[in-house]
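# Survey of secondary and tertiary structure
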Amino acid sequence: MMNITPVVKQLLIINVLFFIGTLVSGDVAYKFLALYFPENPDFHAWQPITHMFMHGGFMHIAFNMFALYSFGSALEHFWGGKKFLFFYISCGLGAALMNTAINYYYFQEGLNTLLANGFPKAEILQVLSEGKINTKWQELLSVSDFQNFTSAYLGSVVGASGAIYGTIVAFAFMFPNAELALMFIPVPIKAKYFVPGLVLVDLYMGISGASLFGGPGIAHFAHVGGAVFGFAIMWYWKKNQFNSNRWN
């Protein structure tokens, strides 16, 4: 733990203000600022940014902001504010990109099946845009394919979790032997073991559709996307630092 750093402090304030705003405005804010599938009429160009400042409930924002304070302050202390902010936003965008890519795959899988069975795309999109479901689709798609197809189009994503996962990965990259004491694990675990394990659990949950705590609607692939982008940026920075400092 260390004193809160300036950019982390501003991010905390922005997230809290967004959360209070959603409590006041309700579904209007989520519809406007959450991240929707690009073919959904509720999608807007700013949502890949704004979704990372939205949260679905008190525990959601509480866990994310605690992690931002705990890990983000350490990174900003060593990097400075501009570099940390660039990293944080990049990981959030990476999370949005991976989540959208996975949803596109699920949507196309279901759409191709329906197209092959004579359903016009315009009709399919019209029904979905109205928030309705054609029961005949359930006869053509398996239970999981139907759920993935409809949720990919109709669902939305909120939360800073993707950016937080990237931040945690960066922390483990810089401080691999730091011991993390967590409420639900009785013994401290080194960051280099805990963080890869956490990402692998999310990857498994995303693929299997399971949930560790029984809660539905968790964007596991957004978590993985933030972690992957965070690792890629850290690897690139480390490689370039070596290249720029080595003797010629």
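Residues numbered from 1 in each chain as written. Predicted model: local features only at pLDDT ≥ 70, side-chain atom pairs only at ≥ 80, totals over all residues. Heavy atoms only, no water.

## Details of the packing of helix H5 (residues 81-116) against helix H6 (residues 121-129)
Where H5 contacts H6, the axes come no closer than 10 Å and their chain directions differ by 125 degrees. Here H5 lies oblique to H6, going by the angle between them. For H5 against H6, the interelement crossing comes out right-handed. Each of Phe107, Leu111, Leu114 and Leu115 in H5 lies in contact with H6, whose residues at this interface are Lys121, Ile124, Leu125 and Leu128. When its residues are assigned to classes, the contact of H5 with H6 shows seven nonpolar, no polar and one charged. (Axes fitted to C-alpha atoms, helices over the stretch in contact; angles between N-to-C directions. Helix = DSSP H or I, 4+ residues; strand = E, 2+ residues; numbered from the N terminus. Parallel < 35°, antiparallel > 145°, perpendicular 65-115°, else oblique. Left-handed = near helix turned anticlockwise from the far one by under 90°. Contact = heavy atoms within 4.5 Å. Nonpolar A, V, L, I, M, F, W, Y, C, P; charged D, E, K, R; others polar.)

## Let's talk about the packing of aromatic side chains
Scanning all chains against the criterion turns up 17 aromatic pairs. Ring geometry for Phe78 against Phe175: centres 5.4 Å apart, planes inclined by 55 degrees, an arrangement best described as tilted. Taken together, the residues Phe78 in helix H4 (residues 58-79) and Phe175 in the loop between helix H9 (161-174) and strand S3 (179-180) connect sequence positions 97 residues apart. Exposure remark for Phe175: the relative accessible area of 22% places this residue in the partly exposed category. An aromatic cluster is defined as three or more aromatic residues linked by ring pairs; in this entry it consists of Phe37, Phe107, Trp137, Phe149 and Tyr153. The positively charged end of Lys83 is found above the aromatic ring belonging to Trp237, 4.4 Å away from the centroid. (Phe/Tyr/Trp six-rings, centres within 6.5 Å; stacked < 30°, edge-to-face > 60°. Buried < 20%, exposed > 50% of the residue type's maximum accessible area, 1.4 Å probe, protein only. Lys NZ or Arg CZ within 6 Å of the ring centre and 35° of its normal.)

## A word on the nonpolar core
Ranked by size, the top nonpolar core spans 36 residues in total, and within it Leu11, Leu68, Trp79, Phe84, Phe87, Tyr88 and Ile164 carry the most contacts. At the level of elements, helix H1 (6-25), H4, H5, H9, helix H10 (191-208) and helix H11 (220-245) are the ones that each hand at least two residues to this core. Other than its neighbours up to four places away in sequence, Tyr88 contacts Leu11, Asn15, Leu68, Ala160, Ala163, Ile164 and Thr167. Of all hydrophobic cores here, the second largest spans 15 residues; its members include Ile124, Leu128, Phe149 and Ala152. (Core = buried A, V, L, I, M, F, W, Y, C linked by side-chain atoms within 4.5 Å.)

## Notes on the pattern of salt bridges
Per the stated rule, a full pass over the model turns up three salt bridges. Notably, a salt bridge pairs Lys31 with Asp42, separated by 4.0 Å at the nearest N-O pair. Taken together, the residues Lys31 in helix H2 (residues 27-33) and Asp42 in the loop between strand S1 (35-36) and helix H3 (47-50) connect sequence positions 11 residues apart. A relative accessible area of 22% places Asp42 in the partly exposed class. The closest approach of N and O atoms between Glu39 and Lys121, which form a salt bridge, is 3.8 Å. A residue pair is termed long-range when its members are at least 10 positions apart, and Glu39 in the loop between S1 and H3 and Lys121 in helix H6 qualify at 82 residues. Glu39 sits in the partly exposed class, given a relative accessible area of 31%. Judged by relative accessible area, which is 35%, Lys121 ranks as partly exposed. (Salt bridge = Lys/Arg side-chain N within 4 Å of Asp/Glu carboxyl O.)

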